[in-house]
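The chain contents come next:
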Amino acid sequence: MSSRRHSIAVIAGDGIGQEVVPAALQTLRLVAERHDFALDEREYDWGSDHYRAHGRMMPVDGIEQLARHDAIFFGAVGAPDIPDVETLWGLLIPMRREFDQYINLRPVRTLPGIPARVVGGDDIDLVIVRENVEGEYSSVGGRLYPGTPYAAAVQEAFFSHRGVTRAAEYAATLAESRRRRVTSATKSNGIIHTMPFWDEVVAEVMQRHPDVTLEKVLIDALAAKLVLAPASFDVIVASNLFGDILSDLAGALAGSIGVAPSANLNPERRHPSMFEPVHGSAPDIAGQGLADPIGQLWAGAMMLEHLGEQAAADEVVAAFEGCLRDGIATPDIGGRPPRRSSRTRWRRGSGSWA
Ligand code: ATP
Ligand code: MG
């Protein structure tokens, strides 16, 4: 009998989410068994099909259902016939806000066997800490005088002292366990109210972390530096929008979007945190057995770490790194596609090959 149990909500979602989630879960279950804990999984068939049937991505009480779990293991949602804004505001943003998942964590590392697209060829090992619930992605604003020559749109950004403090605290504490460098993304020369405030609060927090070096860099210069010298970064802390852009950029540098994980964290564990790959539902390759499962699996390792299962998490990372070293690879990272004749497909919801 397992001594420790973790209750996991599983939302595989759409497209390749239906392939990579069952694949990752197989590995996580094996590792759980080896480390003597149990994952109590419960599947939720939310996403685009649910939207087509009910006009919503999840049921009205979806958040309440998820709140009962220790963590959410999420694949991807989205389909070509459904507007992106529905998937984002119908599922992802409600989870982030209701569960106060105020940190979006995205590690970016050079992996064995995956050629990084990097100048100089040095290994990348950085983490982006993105503020995940406020900033530029506010719902404050609206349209003015639509259909007239005065038509205009207003969108307010919102930064609270508490919000910036906790993001910066998280980044500083993380840096203390790494190479003790934090780079803060700013734009205080152009955005003259919120960004100087961001800078002030970040600097205030860093005073409590004297061994951590803080560098603040304008977002445009930071993007360029990420391309030219990605190996020079340790922890990057950024607002919601800047963090979103930088993480896709950094992920692309490290190789394939298919290997990149992300965690939406409520670090205090008062609410469930959510773990997902960076990639989306990839309708272009869905159902063909081509999807790279590493992003999903690495997200699973982050989930285990968050649940206190560090040894198991390390084993998952070592396992996929070992596969990569052995040359086992999906087409996105240079492997060969499976033989057409085999016609393997994931059976939706069944977690098995058909
Ligand atoms: P969404 O709107 O859900 O984000 P998208 O098509 O805009 O979907 P992704 O799903 O991330 O964005 O796909 C971007 C590209 O990366 C596609 O060409 C896709 O095939 C590829 N891709 C994404 N994830 C993987 C993966 N796990 N393995 C291989 N290729 C992937
Ligand atoms: Mg997309």
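Residues numbered from 1 in each chain as written. Chains lettered and ligands numbered in written order. Predicted model: local features only at pLDDT ≥ 70, side-chain atom pairs only at ≥ 80, totals over all residues.

## Quick look at the sheet that holds strand 8 (residues 181-186)
Reading across the sheet, the 10 strands line up as 2-1-3-12-11-4-5-10-8-9 and stay open at both edges, with mixed pairing between neighbours. Pairing within the sheet leaves two strands with one partner each, and these edge strands are strand 2 (37-43) and strand 9 (213-218). Direction aside, neighbouring strands of the sheet carry axes that sit 25° apart on average. Sheet topology note: the strand 5 (residues 125-131)/strand 10 (residues 235-238) ladder contains 4 bridges and is parallel. Bridge pairing links Ile128 to Ile236 in strand 10. Sitting on the sheet, helix 8 (residues 240-253) touches strand 4 (103-109), strand 5, strand 8 and strand 10, and the angle it makes with strand 5 is about 155°. (Pairing = 2+ DSSP bridges. Helix = DSSP H or I, 4+ residues; strand = E, 2+ residues; numbered from the N terminus. Axes fitted to C-alpha atoms, helices over the stretch in contact; angles between N-to-C directions. Contact = placed C-beta atoms within 7 Å.)

## A look at the UniProt feature "domain: Isopropylmalate dehydrogenase-like" (unreviewed entry) in the chain
Annotation from UniProt places "domain: Isopropylmalate dehydrogenase-like" (unreviewed entry) at residues 7-334. Secondary structure within residues 7-334 divides into 39% helix and 21% strand; the distance between the first and last C-alpha atoms comes to 36 Å. (UniProt positions renumbered as here; feature names shortened; annotations may be inferred.)

## Describing helix 9 (residues 294-306)
The terminal C-alpha atoms of helix 9 lie 18 Å apart, and with 13 residues this matches the ideal 18 Å at 1.5 Å per residue to within 8%. Most of helix 9 is tucked away, with 12 of its 13 residues classed as buried. Of the positions making up helix 9, those classed as buried are Ile294, Gly295, Gln296, Leu297, Trp298, Ala299, Gly300, Ala301, Met302, Met303, Leu304 and His306. Buried-residue contacts for helix 9 involve helix 1 (17-34), strand 3 (71-76), strand 11 (261-265), strand 12 (273-277) and helix 10 (310-325). One or two residues past the end of helix 9 sits Gly308, with phi positive at roughly 90°. (Expected span 1.5 Å × (residues − 1). Buried ≥ 20, exposed ≤ 12 C-beta atoms within 10 Å, placed from the backbone.)

## Describing the domain arrangement of the chain
Partitioning the chain into structural domains gives domain 1 (1-101 + 258-354) and domain 2 (116-254). The centre of domain 1, based on its C-alpha atoms, is set 26 Å off from the matching centre of domain 2. With 8 residues of domain 1 at the interface, the matching set in domain 2 holds 5 residues. (Domains from an automatic or database assignment.)

## A short note on the pairing of strand 3
Residues in a regular strand point their side chains to alternate faces of the sheet. Across the 6 residues of strand 3, 6 count as buried, placing the element largely inside the fold. Here 5 bridges tie strand 1 (residues 4-13) to strand 3, and the two strands are oriented parallel to one another. Directly across from Ile8, in strand 3, lies its bridge partner Ala71. As paired elements, strand 3 and strand 12 share 3 bridges and run parallel to each other. Within strand 12, the position partnered with Ile72 by the bridge is Met274.

## Some points on the confidence of the model for the chain
Per-residue confidence for the chain gives a mean pLDDT of 92, with 95% of residues at or over 70. Segment residues 346-354 is flagged for pLDDT under 50; beyond a separation of four residues in sequence, or across chains, it makes 13 contacts in the model. As a predicted assembly, this complex carries a pTM of 0.91 together with an ipTM value of 0.94. (pLDDT = per-residue confidence, 0-100.)

## As for the nonpolar core
Ile72, Val129, Ala171, Ile236, Val237 and Phe275 are the most contacted members of the largest nonpolar core, which has 93 residues in total. No other element matches the 8 residues that helix 9 contributes to this core. For this core, the two domains that each supply at least three residues are domain 1 (1-101 + 258-354) and domain 2 (116-254). Discounting chain neighbours no more than four positions away, the residues touching Val237 are Val129, Ala167, Ala168, Ala171, Val182, Ser184 and Val202. (Core = buried A, V, L, I, M, F, W, Y, C linked by C-beta atoms within 7 Å.)

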